[in-house]
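# Notes for the structure review
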Amino acid sequence: MSADPYLSAAIDEARKGLAEGGIPIGSVLVKGKKIAGRGHNRRVQHSDPMAHAEIDCLQNAGRIGSYKGTTLYSTLMPCYLCAGAVVQFGIKKVIVGESRTFPGARKFMEEHGVEVVDVDDEECYVLMQDFIKKNPDLWNEDIVK
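Residues numbered from 1 in each chain as written. Predicted model: local features only at pLDDT ≥ 70, side-chain atom pairs only at ≥ 80, totals over all residues. Heavy atoms only, no water.

Bringing helix 3 (residues 53–61) into the picture now. Along helix 3, 7 of the 9 residues are buried, which leaves the element largely enclosed by surrounding structure. Those residues of helix 3 that sit buried are Ala53, Glu54, Ile55, Asp56, Cys57, Leu58 and Ala61. Those residues of helix 3 hidden inside the fold are in contact with strand 1 (26–31), strand 2 (34–40), strand 3 (70–74) and helix 4 (80–89). Positive phi appears at Gly62, one or two residues downstream of helix 3, with a value of about 70°. (Buried < 20%, exposed > 50% of the residue type's maximum accessible area, 1.4 Å probe, protein only. Helix = DSSP H or I, 4+ residues; strand = E, 2+ residues; numbered from the N terminus. Contact = heavy atoms within 4.5 Å.)

Below, the structure written as structure tokens:
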């Protein structure tokens with residue numbers, strides 16, 4: 001279990017997604033020291049290609065006013081879709097569980113003034129690797145190479 005309680009909350013969300021038959025990616029939005037929103041990837045559950053963990057998290061947070069001072073946590077490096085939302089809403093810090101599985105859009109976020117911290121959490125990595133090993137077609141459905 002991660003020492004960071006917010007990353008642990010994102011991991012809990014990833015596990016919820018997996019338990020629902022989906023892809024184990026989770027996210028939480030922190031404002032101040034409080035979780036303002038949480039979500040997990042629901043592409044499979046909702047048959048919705050846009051239902052990524054970070055998008056689900058932001059939708060669940062609702063209208064929070066300013067995103068100044070917020071931090072987005074994600075168990076996996078955000079893709080361009082989710083990185084675009086980060087940039088659009090002015091979220092200036094993203095804490096990532098791991099990027100070995102998927103390098104995502106780190107450079108894009110950094111080029112737009114977002115601080116990206118990849119903690120390379122082993123639990124996040126193993127969760128994704130186990131999932132991909134068991135579900136390669138589902139994983140590859142969303143990954144454009």
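It is worth spelling out the pairing of strand 5 (residues 115–118) at this point. Two strands pair when backbone bridges link them, and strand 4 (residues 93–96) and strand 5 are joined in this way by 4 bridges, in the parallel orientation. If you follow Val94 over to strand 5, its bridge partner there is Val116. Read as a crossover between parallel neighbours, the route from strand 4 over helix 5 (residues 106–111) to strand 5 is right-handed. (Pairing = 2+ DSSP bridges. Right-handed = clockwise from strand over helix to strand, strands pointing away.)

This paragraph deals with the packing of aromatic side chains. Within this structure, the stated rule accounts for 4 aromatic pairs. The ring of Tyr125 is capped by Arg100, whose NZ or CZ atom sits 3.7 Å from the centre of that ring. (Phe/Tyr/Trp six-rings, centres within 6.5 Å; stacked < 30°, edge-to-face > 60°. Lys NZ or Arg CZ within 6 Å of the ring centre and 35° of its normal.)

This part covers the sheet that holds strand 2. Strand order across the open sheet formed by 5 strands is 2-1-3-4-5, with mixed pairing between neighbours. Two strands close off the open sheet at either side, each with one partner strand: strand 2 and strand 5. Adjacent strand axes in the sheet meet at a mean angle of 15° when their direction is disregarded. Bridge analysis of strand 1 against strand 3 gives 5 bridges, and the strand direction is antiparallel. For Val30, the partnering residue across the bridge sits in strand 3 and is Thr71. Along the sheet face, helix 1 (residues 5–19) touches strand 1, strand 2 and strand 3 and points at about 25° away from the line of strand 2. (Axes fitted to C-alpha atoms, helices over the stretch in contact; angles between N-to-C directions.)

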